[in-house]
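Below, each chain spelled out in residue letters.
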Amino acid sequence: MTDLSIRSLAKAFGGVRAVNDVSFEVARGEFLAMIGPNGAGKSTCFNMINGQLRPDSGEIWFERANLAGLAPREIWRLGVGRTFQVAATFGSMTVVENVQMALISHAGETYRLWKPAASRYRARALELLEQVGMKDAADRASRELAYGDVKRVELAMALANDPRLLLMDEPTAGMAPRERNALIALVKRLVVEKGISVLFTEHSMDVVFAHADRIIVLARGRLIADGDARTIREHPKVQEVYFGTGKTFARVEPKPLEPQP
Ligand code: ADP
Ligand code: MG
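Residues numbered from 1 in each chain as written. Chains lettered and ligands numbered in written order. Predicted model: local features only at pLDDT ≥ 70, side-chain atom pairs only at ≥ 80, totals over all residues. Heavy atoms only, no water.

Caption draft 1: Looking closely at the sheet that holds strand β9 (residues 214–219). Pairing in this open sheet of six strands is mixed, and the strands run β6-β7-β8-β3-β9-β10 from one edge to the other. At either margin of the open sheet sits one strand with a lone partner, and together these are β6 (80–82) and β10 (222–227). Taken over all neighbouring pairs, the strand axes of this sheet differ in orientation by 20 degrees on average, direction set aside. Contacting β3 (31–35), β7 (165–168) and β8 (197–201), helix α7 (residues 177–194) runs over the sheet at an angle of about 145 degrees to β3. (Pairing = 2+ DSSP bridges. Helix = DSSP H or I, 4+ residues; strand = E, 2+ residues; numbered from the N terminus. Axes fitted to C-alpha atoms, helices over the stretch in contact; angles between N-to-C directions. Contact = heavy atoms within 4.5 Å.)

Caption draft 2: A look at the site of ligand 1. Lining the immediate surroundings of ligand 1 are Phe 13, Val 16, Ala 18, Pro 37, Asn 38, Gly 39, Ala 40, Gly 41, Lys 42, Ser 43 and Thr 44. The side chain of Lys 42 places a nitrogen or oxygen atom 2.8 Å from an oxygen atom of ligand 1. In the environment of ligand 1, an oxygen atom lies 2.8 Å from a nitrogen or oxygen atom belonging to the backbone of Ser 43. Look at ligand 1: alone it shows 560 Å² of surface, and the protein chains cover 58% of it. The greatest single-element share of the shell around ligand 1, amounting to three residues, is contributed by helix α1 (residues 42–49). Residue classes in the shell around ligand 1 are distributed as five nonpolar, five polar and one charged. (Near = heavy atom within 4 Å. Polar contact = N/O pair within 3.5 Å; in protein donor to acceptor, adjacent residues only side chain to side chain. Areas by Shrake-Rupley, 256 points an atom, 1.4 Å probe, with all protein chains shown as cover. Nonpolar A, V, L, I, M, F, W, Y, C, P; charged D, E, K, R; others polar.)

Caption draft 3: Structural context of the side chain of Lys 42. With respect to the helices, strands and loops of the structure, Lys 42 is situated in helix α1. As a buried residue without a salt bridge, Lys 42 has its nearest oppositely charged side chain in Glu 170, at a separation of 5.8 Å. A polar contact is formed between the side chain of Lys 42 and the backbone oxygen of Gly 36, at a distance of 2.7 Å. Setting aside its immediate chain neighbours within four residues, Lys 42 contacts Met 34, Ile 35, Gly 36, Pro 37, Thr 201 and Leu 218. (Buried < 20%, exposed > 50% of the residue type's maximum accessible area, 1.4 Å probe, protein only. Lys, Arg positive; Asp, Glu negative; His and termini not counted. Salt bridge = Lys/Arg side-chain N within 4 Å of Asp/Glu carboxyl O.)

Caption draft 4: How the structure looks around the nonpolar core. Counting residues in hydrophobic clusters, the biggest one holds 52 residues, and the most contacted among them are Val 99, Leu 129, Leu 155, Ile 215 and Val 217. The element that contributes the greatest number of residues to this core is helix α6 (residues 147–160), accounting for eight residues. Those residues in contact with Leu 155 that lie beyond four places of it in its chain are Thr 83, Val 132, Leu 166, Met 168, Leu 186, Val 187 and Leu 190. The next biggest cluster of nonpolar side chains, apart from the first, holds 24 residues, and it includes Val 26, Ile 49, Leu 199 and Ile 216. (Core = buried A, V, L, I, M, F, W, Y, C linked by side-chain atoms within 4.5 Å.)

Caption draft 5: Representation of the packing of aromatic side chains. For the structure on display, the rule yields one aromatic pair. Taking the ring centre of Phe 209 as reference, the NZ or CZ of Arg 233 above it sits at 4.2 Å. (Phe/Tyr/Trp six-rings, centres within 6.5 Å; stacked < 30°, edge-to-face > 60°. Lys NZ or Arg CZ within 6 Å of the ring centre and 35° of its normal.)

Written as structure tokens, this is what we have:
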């Protein structure tokens, strides 16, 4: 069953065709990676699906609604979740409070109403934190967390919305390779359990090939390949874009030092 169907999506910035006639589908429960060099149009695609950007043309069918041009809030209410960047977690609040905020927001209540009742949704928030392995850090200030742990909390916050489709644009940005692999493996395990569909971008090919059910490749705004890991690895156009020049890919993935075992 198809969950998300993107049809002839397009967006230009001035003369730059950031996304050019892109069509693809995400099946229910699928863990789909979108890859492509810097500037390929991945974020522009994500931002049209989540409502941050209005498409110039094309359709974005999710279940029975065309999301194209809807406001982020409406899209979110229809069951499309996304992970937010670090800045979105409030440093002065505790970890569990951040997740409670997400739950409150999902329930359509306001922060003002919530303030007197610190216990509101705490149990559910702790449950979500347990699922991402962060329950022990529940009462710590968010600002004290290590980077990888912030990413886990962001994931718990995204899950608070009970999404049926989760959009993750570079969820592992800034992480060391081992951490990346662990986070993506965690997401995959959770979404399989919950039956959520996921569209994500990830720079590490190793991580993508290890975990994605299917991979689509963008280059200069165009979708150039769609298939399983083997198809993508052997695809001539993909090899040309990534491995042919050797430029883009090596540059976006500087290898951070890893602790020795
Ligand atoms: P990716 O996420 O694959 O790195 P982006 O979607 O961010 O690629 O960018 C695609 C192209 O669109 C790039 O050429 C980029 O410079 C351009 N672009 C993206 N956002 C804007 C914007 N807000 N204004 C002007 N140009 C943009
Ligand atoms: Mg991007």
